[in-house]
Structure formats: C-alpha cells, structure tokens
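Results of the structural survey
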Amino acid sequence: MSQSFIKAQAEARAKAWEEAKALLDSAAAEKRDLTAEEQDKFDRINADLDERAAAIETIRKAEEREAKAAAATSGFEVSEVTKSDYDIVRSLARGEIRSHAFETRGTLTPSGSSGLVPQSFVARVYDLAREVGPMLDVSEVFQTQSGEDLKIPTLTAYSTAGLEAVGAEIDESEPTFSSITLGAYKYAFLVPVARELIEDGGVDIAEVLARQAGNAIGYAVNAALTTGTGSSQPNGIMTAAGTGVNGTVAGGFTADEIIDLVYSVDGAVRRLPGTGFLMSPSAIKAARKLKDAEGQYLFQPALTAATPDVLMGYPVFENPAVAAVGSAAASFGFGYLPSYKVRLAGGLKVDRSDDFKFANDLSVFRFLIRVDGNLSHQEHFKIFKGSAA
C-alpha cells in the first residue's frame, strides 16, 4: 500500500513539474514574463510539488520506523523494565523530580517512534528540530558531556609527491594543520503548562513538551548555525563562508551565476557525498525557473522518496533562516556541508518549577541546550551574494 502511494505521489510530482516547465517554456518562446494568471498557476504547482514531497517523506520515515521496530523486537524477550526518557519527563510533569539532563546517545539520526518502539525524549526533540531547519542534519555534529572549549584540528594542505632521480635524496613534504575552536552558547526558553493539562490522563504531556522544545530549539539553533555573527554566538555557515559569486542582476540571479558558484569551491569537494546547495525558499523558487545554454532546467524535483530535489545534479536543502533573494543578500550557498562543524555540549537539560507561576496555577518547564558551530574550511563552502544595485 505505502509503495503504491509513494509511486503515485512521485508520478504526480513528475506530471506537475512538466506542467510548470510548459508554462515557462511558453513564456520563453514568446520572449515575455509569465502573466499574472500563469504566475499564480506556477506558484500553485510549486506548492503542490512541496506538499507531495512532504507526503512521500512522511511515508518513508514511517516505513523506516516499522522496519526498525521489527528488527528491534525480533528474537528478544523483555527481561526487565527500565525507565525511559519519556517516563522521566512524565515524572517531571508530576513533580516527582525537579530536574534532569537528557544525554544525546550515539548519533543524531532519527531512532524509534513514539507509536511503535520506545524513543528517547531528546531524540524526539532533535527529530522535531530537524523539521524546521537542516543544520543539525547536514553538518558534522560533535557531542560532548561538558562545555569547555573544543579544539577541532583541520587539515589545510596535503603532502605532495615529486619526481625523484635514481639515488637522489627524497624531499620531505609535511601536511599542514590548523584548527577551529568551538565553545558552548546557551539557548533556553520557558514553557508554562496548566496544571489541568498535566493532570489530564488523556494528554501525552511528554509529547506536548517534546514538540514545544523541538520547535523552539530547532528555529533558534538552526538560525544561529546559519547566520550567527560569531560574536558571543555561533559563527553561522552563511557568515563564515566566503563569497563565491557576486550577482549582476538586481533582485535575482542567473543560471550562469549558479554554475559559477559551483565551480568557485575547492574542486575536490564537488565529488564528496554531502556536497550540495543550502537555499532560502525564495531562492529555490527562482532557481526552478532557470535553464542552461541548451534550454535544460537546472532544477529537477525529486521523483523518489529517498532523494532530495537537485540543482545541477547536487542536492538542495531548504533553509528558512537563509536570507531571501534581494539586494546584497546571501540567499544561497554551495559546497561540502559537513565542513560546517556543530558542537552540542551536555545534552538537553529540563527543569520544572511550581513556584514561578504559583499564583496562576501553572507549572513552568525550562529547556536549556548549549551549542556552537563554525566552518572549518572556507574554500569548501561559498555563497552567492545578490547585486547591491
């Protein structure tokens, strides 16, 4: 059932994209812009493409969770009951404990499901955080127990080999190293929760809190890792990157400028998995209309559940924290995204207070996370900056 649904959605995406291309081709053939009616239809098709992509991704993740559930339970019997992260959150909600630091175990890849197999509370928070921005997904993430400065060595130049004569002394060639240092900046917020909501047996308070934490942390951390200034906050990838291409078209960009940006980065990184575009929604919208010199569209929507949309053959990651297309705006970048390093220190800390909002009969939950990020190699990721004219 799910495979037929995914296939139908993918085929519908392909059909919709052909309709969008037909609109653009017709306008191009007549050497004119889209009419208001055509632009409205084009926008509706784009929205439909995004909705179907989201539906495909939802089904794909559900299938992955079912497979993990089957694998986790196959051949095993439960020998003892341990207290899960969700049980701990419920204990916090009931006032049985006042504070807990949830550790991030292993990787930050999605694990489990709230409906199929037990999933740690912090994993659920991070899964939800990914939904509002890609930076915890596309970067290389380091998890540490404490928050002292973390120095990450970076290779800046390889050893080189040379032609040597017979019997001649072989020249030395040492690689060179540098480093970046990541701290731990605090991001936190308070969630007041009515006592009635906590005591209502029909409400999954742990899921309510996980959604609040994932959404709030996701937006704040993704924004910091994208456009942070580097002064008393993370050095965001768009801030740390060098400018690969300066735009020449007021309020937009051309197909040639995208091509120039791809070839502005270190040639070696274009062949690495993890290389792709980080783009604002408005930049993706504009890129969908562009063609190369042969009249082929640079942008191609994904037709399978496991792959993202692609631009010039490279994956596209939509990031709402990237600036919209505009004058002097860095609206997208390209390069090896794992060269951006993210440090998470000490996991996710949750505390509860019944005193702060006692007069309002509210329990207040405090969520706190410490994070930092920086780009290790500026030549690995470059941005496009719009024309200032």
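In case you missed it, the structure is sitting above this.
Scoring rules and cut-offs
- Residues numbered from 1 in each chain as written.
- Predicted model: local features only at pLDDT ≥ 70, side-chain atom pairs only at ≥ 80, totals over all residues.
- Heavy atoms only, no water.
- Helix = DSSP H or I, 4+ residues; strand = E, 2+ residues; numbered from the N terminus.
- Buried < 20%, exposed > 50% of the residue type's maximum accessible area, 1.4 Å probe, protein only.
- Contact = heavy atoms within 4.5 Å.
- Areas by Shrake-Rupley, 256 points an atom, 1.4 Å probe, with all protein chains shown as cover.
- Phe/Tyr/Trp six-rings, centres within 6.5 Å; stacked < 30°, edge-to-face > 60°.
- Pairing = 2+ DSSP bridges.
- Arc of directions from axis to C-beta.
- Salt bridge = Lys/Arg side-chain N within 4 Å of Asp/Glu carboxyl O.
- Patch = residues over 30% accessible without salt bridge, like charges linked within 9 Å, V, L, I, M, F, W, Y side chains within 5 Å.
- Lys, Arg positive; Asp, Glu negative; His and termini not counted.
- Charge placed at Lys NZ, Arg CZ, Asp CG, Glu CD.
- Core = buried A, V, L, I, M, F, W, Y, C linked by side-chain atoms within 4.5 Å.

1. Observations regarding the overall build of the protein
Helices and strands together make up the secondary structure of the protein, namely ten helices and 14 strands. When burial is assessed residue by residue, the protein has 42% of its 389 residues classed as buried. The long-range fraction of contacts in the protein, counting pairs at least 24 apart against all pairs at least 6 apart in sequence, stands at 75%. When the accessible surface of the protein is summed, it comes to about 20,200 Å², and 52% of that surface belongs to carbon and sulfur atoms.

2. Comments concerning the packing of aromatic side chains
Scanning all chains against the criterion turns up six aromatic pairs. With a centroid separation of 5.7 Å and 70° between ring planes, the pair formed by Phe253 and Phe384 is classed as edge-to-face. Placement of the pair is Phe253 in the loop between β6 (242-246) and α9 (255-262) and Phe384 in strand β14 (residues 381-385), with a sequence separation of 131 residues. By the ring-pair criterion, three or more aromatic residues cluster together here, those being Phe253, Phe332 and Phe384.

3. Overview of the pairing of strand β7 (residues 275-279)
Side chains on a regular strand alternate between the two faces of the sheet. The buried count for β7 comes to five of five residues, which makes it a mostly enclosed element. In this sheet, strand β11 (residues 330-336) lies alongside β7 in antiparallel orientation, the contact comprising five bridges. Note on β11: the bridge partner recorded for Gly276 is Gly335. Note: β7 against strand β10 (residues 314-318), three bridges, orientation parallel. Bridging from a neighbouring strand, Phe277 pairs with Val316 of β10.

4. Observations concerning α9
For an α-helix, 3.6 residues make a turn, and residues three or four places apart therefore share a direction. Listed in full, the buried residues belonging to α9 are Ala255, Glu257, Ile258, Leu261 and Val262. Burial along α9 is one-sided: seen end-on, the buried residues are contained in an arc of 165°.

5. Focus: the pattern of salt bridges
Scanning all chains against the criterion turns up 13 salt bridges. Across the salt bridge formed by Glu38 and Arg32, the nearest N and O atoms sit 2.8 Å from each other. For Glu38, a relative accessible area of 15% gives the class buried. Its salt-bridge partner being Asp351, residue Lys349 comes within 2.8 Å of it at the nearest N-O pair. Residue class for Asp351 comes out buried when judged on its relative accessible area of 10%. Among the charged side chains, a network of salt bridges with common partners joins Glu30, Arg32 and Glu38.

6. A look at a negative patch on the surface
Together, Glu169, Asp171, Glu172 and Glu174 give the surface a local cluster of negative charge. Among the secondary structure elements, Glu172 is positioned in the loop between β3 (150-157) and β4 (176-182). The class for Glu172 is exposed, based on a relative accessible area of 75%.

7. Section: the nonpolar core
Grouped together as the largest cluster of nonpolar side chains are 37 residues, with contacts concentrated most on Ile217, Leu225, Ile237, Met238, Leu278, Phe367 and Phe381. By residue number, the principal contributor to this core is helix α7 (residues 205-227), which donates eight residues. If sequence neighbours within four positions are ignored, Ile237 has contacts with Met135, Leu225, Thr226, Leu278, Leu337, Tyr340, Leu375 and Phe381.

8. Brief notes about the sheet that holds strand β8 (residues 299-300)
Across the sheet, which stays open at both edges, the seven strands sit in the order β6-β14-β11-β7-β10-β9-β8 with mixed pairing between neighbours. Every other strand in the sheet has two partners, leaving β6 and β8 as the edge strands with one partner each. In this sheet, strand β9 (residues 310-311) lies alongside β8 in antiparallel orientation, the contact comprising two bridges. In the sheet register, Phe299 faces β9, and the bridge partner there is Leu311.

Interpretation note: all reported values are geometric properties and have no functional meaning in isolation.
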